[in-house]
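Descriptive structure summary
As a plain string of letters, each chain reads:
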Amino acid sequence: MATVISNERLADGVYHLRVEGDYGGAMGQFYMLRAWGAFPLLSRPLSIHQVNDDGVEFLYHVVGEGTKILAELEPGDSLELEGPFGSGFPAVDGKVALVGGGIGIAPLYYCAQELPGSDIYLGFSREAFRTEAFRPLAAELTVNVGGLVLDSVDFSSYDHIFVCGPHPMLKAAQLKGRAAQAAGKGPKVYLSLENRMACGIGACLVCSVSCRDGQRKACADGPVFLADEVIFHD
Amino acid sequence: MINMTANIAGVHFKNPIIMASGTFGFGREYSKLYDVSLLGGISGKGLTLNPKAGNPGVRVYETASGMLNSVGLENPGVEAFIVKELPYWETLDTARLVNLGGNTLPDYVLGAELIQRDADARSAAGKPAVDMIELNISCPNVKEGGIAFGVKTPAAQEVVRAVRAATKLPLAVKLSPNAEDIAEMAEMCQEEGADAISLINTISGMKIDVRRRRSVFNNLYAGLSGPAIKPVALRMVHQVAKRVSIPVIGMGGITSATDIIEFIMAGATVIQVGTYNFMNLRAGSTLVEELQEFMIEENISSLEEIRGII
């Protein structure tokens, strides 16, 4: 059992949860969280926002029953954590852009700490949150509210681009990466997928991802994939 | 001393807890969390003769006390299983059940033949092999075969007879709760030479996204599992155990030692744990420990004492 240090509301439906304990994990990995008994049935996968000496932190958006319960947690409350799971973003050299959309900014904060000097692009549909925490970590910080933050990213000027956000954004990032590669510039674009999961460890095949070399698991082979490997069906 | 062991057609189970097909992979993933050899058995991810990519679209949806899934039997195929997974299974000290599905009758037969051939080779080499085939005629999430075989007794009879002829391995037949007459179906399996009956598979269900005005699943329907289906599963295990003389492997919504005891009292010889593996990634080790404690508390020295007492 883990203990809540704080659970701060940042914006409409967006919370920042800090959990006490000795937790590890790499950029882009996630934990399965559970703060209830039998129902809802499934634990909730949340990517690591930050790991430090105090514990581990998460940024989440209330979308259903599970995250609603998480939002009610108060300092001192208990919850269960299993993890870290998954294969996260690679440690890279060169010029890096971190691009997040909405709650997709969650795993990028840890990336920003691990890869100082990255350019950071944060996009929000209605209300920005947590942007000031990113500012000291960024070579340049771009914040966009209500538009398409990807439009601000010059794909040809980076060696590596990490993207996490809604499905259409990931698909658009894949296309932009391909276009830059076709023009002779070759950024490696990595996408963090946010698929539904049941087990989180690779047993249930609920989070299956169609890839060029066959079916892969978002939870165990990902959630981070090279953009070119993923086949988007819609 | 508590005796939790069980035996089905010569296959020894150190305890009655088997991890259900589709919820446990081939055991590797959970082995990172606890020693899976403490389990009574593992029923591996459902296999078909050829690899299957499974269903597109949403594959899971939570419901009140349950879960709908539409994974659609994504699996590597029988041959890849034999090459890649069986060597790992050899290292485990637990009963090994292969769950075999199919789209057509020849698929089932060829799959069973491949498994039998491999088991023969392993036995000849003195190596552990597959202990039992669990014939899946009840997957609701594949369009051809699967459930079509599992609902009508004559169709099921044809598959069970053909597979029985194709393998000498102990054979359990996994039945669908959607069968027209579950007890009649079980009796037929016994007559055709099945060594055990596994039940129940998921119950066909549905979830509609009212804003998008469509089912959340591409296949329209999906399989309901979890605590929501336990009363139905228990009733069916009870009905079938009263009708057949072969062992019953009971499953459906088990999440505690008392749930296990209920199934044993209803007549099950061993049980399987499915959805609970997702609720508690250490379900296997939790339940083995809880069952032992419960039996001590209730002064039950052997599962034989309570089996089928209702």
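Residues numbered from 1 in each chain as written. Chains lettered and ligands numbered in written order. Predicted model: local features only at pLDDT ≥ 70, side-chain atom pairs only at ≥ 80, totals over all residues. Heavy atoms only, no water.

1. Notes on the UniProt feature "binding site: FAD" (unreviewed entry) in chain A
Those places that UniProt annotates as "binding site: FAD" (unreviewed entry) correspond, in this numbering, to Arg44(A), Pro45(A), Leu46(A), Ser47(A), Gly66(A) and Thr67(A). The topology assignment puts Arg44(A) in strand S4 (residues 44-47). With a relative accessible area of 16%, Arg44(A) lands in the buried category. Setting aside its immediate chain neighbours within four residues, Arg44(A) contacts Tyr31(A), Met32(A), Leu33(A), Trp36(A), Gly66(A) and Glu62(B). Residue position: Thr67(A) is located in helix H1 (residues 65-71). Its relative accessible area of 6% is what places Thr67(A) among the buried residues. Not counting residues within four places of it along the chain, the set of residues in contact with Thr67(A) comprises Tyr60(A), His61(A) and Val62(A). Among the polar contacts listed, one links the side chain of Thr67(A) to the backbone nitrogen of Val63(A), at a separation of 2.9 Å. (UniProt positions renumbered as here; feature names shortened; annotations may be inferred. Helix = DSSP H or I, 4+ residues; strand = E, 2+ residues; numbered from the N terminus. Buried < 20%, exposed > 50% of the residue type's maximum accessible area, 1.4 Å probe, protein only. Contact = heavy atoms within 4.5 Å. Polar contact = N/O pair within 3.5 Å; in protein donor to acceptor, adjacent residues only side chain to side chain.)

2. Observations concerning a nonpolar patch on the surface
Together, Met206(B), Ile208(B), Val210(B), Leu220(B) and Tyr221(B) give the surface a local cluster of nonpolar side chains, amounting to about 490 Å² of exposed area. Relative to the elements of secondary structure, Ile208(B) occurs in strand S12 (residues 208-209). (Patch = residues over 30% accessible without salt bridge, like charges linked within 9 Å, V, L, I, M, F, W, Y side chains within 5 Å. Areas by Shrake-Rupley, 256 points an atom, 1.4 Å probe, with all protein chains shown as cover. Salt bridge = Lys/Arg side-chain N within 4 Å of Asp/Glu carboxyl O.)

3. Examining the interface of chain A and chain B
Note on interface size: it is often stated as the accessible area lost on association of the parts. Counting residues at the interface gives 22 residues for chain A and 26 residues for chain B. Summed over both partners, the interface of chain A with chain B comes to about 2,100 Å²; 64% of that surface belongs to carbon and sulfur atoms. Between chain A and chain B we count 3 salt bridges in total. Here Glu29(B) and Lys217(A) are joined by a salt bridge, their closest N and O atoms 3.5 Å apart. Linking chain A with chain B are 8 residue pairs in polar contact (both at pLDDT 80 or more), by the criterion used here. Of all the secondary-structure elements, those providing two or more residues to the side of chain A that touches chain B are strand S7 (78-85) and strand S14 (214-217) of chain A. Here the side of chain A that touches chain B is composed, by residue class, of 13 nonpolar, 4 polar and 5 charged. (Buried area = accessible area lost by both parts, 1.4 Å probe. Nonpolar A, V, L, I, M, F, W, Y, C, P; charged D, E, K, R; others polar.)

4. Some remarks on the packing of aromatic side chains
Residues and elements named next belong to chain A. Per the counting criterion, the structure on display carries 13 aromatic pairs over all chains. Measuring from centroid to centroid gives 6.0 Å for Tyr-31 and Phe-58, while their planes differ by 80°, and the two rings are edge-to-face. Note that Tyr-31 is positioned in strand S3 (residues 30-34) and Phe-58 in strand S6 (residues 55-61), a separation of 27 residues in sequence. Given a relative accessible area of 1%, Tyr-31 falls into the buried group. Both rings, one in Phe-89 and one in Phe-162, keep their centres 4.4 Å apart while their planes meet at 10°; by these two values the pair is stacked. A residue pair is termed long-range when its members are at least 10 positions apart, and Phe-89 in the loop between S7 and strand S8 (96-101) and Phe-162 in strand S11 (residues 160-164) qualify at 73 residues. Of the two residues, Phe-89 and Phe-162, neither departs from the other in class, the shared state being buried. One aromatic cluster is present, built from ring pairs that chain together Tyr-23, Tyr-31 and Phe-58. Of note, Arg-130 hangs over the ring of Tyr-109, and the distance from its end group to the ring centre comes to 4.7 Å. (Phe/Tyr/Trp six-rings, centres within 6.5 Å; stacked < 30°, edge-to-face > 60°. Lys NZ or Arg CZ within 6 Å of the ring centre and 35° of its normal.)

5. Examining unusual backbone geometry
Put simply, Gly83(A) and Pro84(A) share a cis peptide bond, and its omega is -5°. As for its placement among the helices and strands, Pro84(A) is situated in strand S7. A cis amide bond links Leu199(B) with the next residue in sequence, Ile200(B), at an omega value of 10°. When you line up the elements, Ile200(B) lands in the loop between strand S10 (196-199) and strand S11 (203-206). The phi torsion at Ala9(B) lies on the positive side, around 50°, for a residue other than glycine. Inspection of the secondary structure puts Ala9(B) in the loop between strand S1 (6-8) and strand S2 (11-13). In this structure Ala9(B) comes out as partly exposed when scored by relative accessible area, which is 42%. Of note, the phi angle at Leu220(B) is positive, near 75°, even though the residue is not glycine. Relative to the helices and strands, Leu220(B) resides in the loop between strand S13 (214-215) and strand S14 (221-225).

6. A look at the pairing of strand S5 (residues 60-63) of chain B
Direction of pairing for S5(B) relative to strand S6 (residues 66-69) of chain B: antiparallel, over a ladder of 4 bridges. Bridged to Glu62(B) within S6(B) is Met67(B). (Pairing = 2+ DSSP bridges.)

7. Some remarks on the sheet that holds S14(B)
Residues and elements named next belong to chain B. If you trace the 4 strands from one edge of the open sheet to the other, you get S5-S6-S14-S11, paired in antiparallel fashion. Where the open sheet ends on each side, the last strands, each with one partner, are S5 and S11. Strand-to-strand twist across the sheet, computed as the mean angle between neighbouring axes with direction ignored, equals 40°. (Axes fitted to C-alpha atoms, helices over the stretch in contact; angles between N-to-C directions.)

8. Some details on the nonpolar core
A general tendency of soluble globular proteins is for nonpolar side chains to be buried together. Residues Val99(A), Ile17(B), Tyr30(B), Leu135(B), Leu175(B) and Leu199(B) are the most contacted members of the largest nonpolar core, which totals 132 residues. The residue makeup of this core includes at least three contributed by each of domain 1 (2-85) and domain 2 (96-229) of chain A. With near-sequence residues (within four places) excluded, Leu199(B) lies in contact with Leu175(B), Ile182(B), Met236(B), Val237(B), Val240(B), Val248(B), Ile249(B), Gly250(B) and Met251(B). The next biggest cluster of nonpolar side chains, apart from the first, holds 47 residues, and it includes Tyr23(A), Met27(A), Leu73(A) and Ala138(A). (Core = buried A, V, L, I, M, F, W, Y, C linked by side-chain atoms within 4.5 Å. Domains from an automatic or database assignment.)

9. Here's the deal with the sheet that holds strand S2 (residues 14-20) of chain A
Ordered in space as S4-S3-S7-S1-S2-S6-S5 (chain A), the 7 strands form an open sheet in which the pairing is antiparallel. At either margin of the open sheet sits one strand with a lone partner, and together these are S4 and strand S5 (50-51) of chain A.

10. Thoughts on the packing of helix H7 (residues 230-243) of chain B against helix H8 (residues 257-265) of chain B
A packed helix pair is summarised by two numbers, namely the angle formed by the two axes and the spacing between the axes. Residues and elements named next belong to chain B. Packing of H7 against H8 leaves a shortest axis separation of 9 Å and a crossing angle of 30°. Put simply, H7 runs roughly parallel to H8. Between H7, through Lys-230, Ala-233, Leu-234 and Val-237, and H8, the contact on the second element is made entirely by Asp-259, Glu-262 and Phe-263. Tallied by class, the residues present in the contact of H7 with H8 amount to 4 nonpolar, no polar and 3 charged. (Parallel < 35°, antiparallel > 145°, perpendicular 65-115°, else oblique.)

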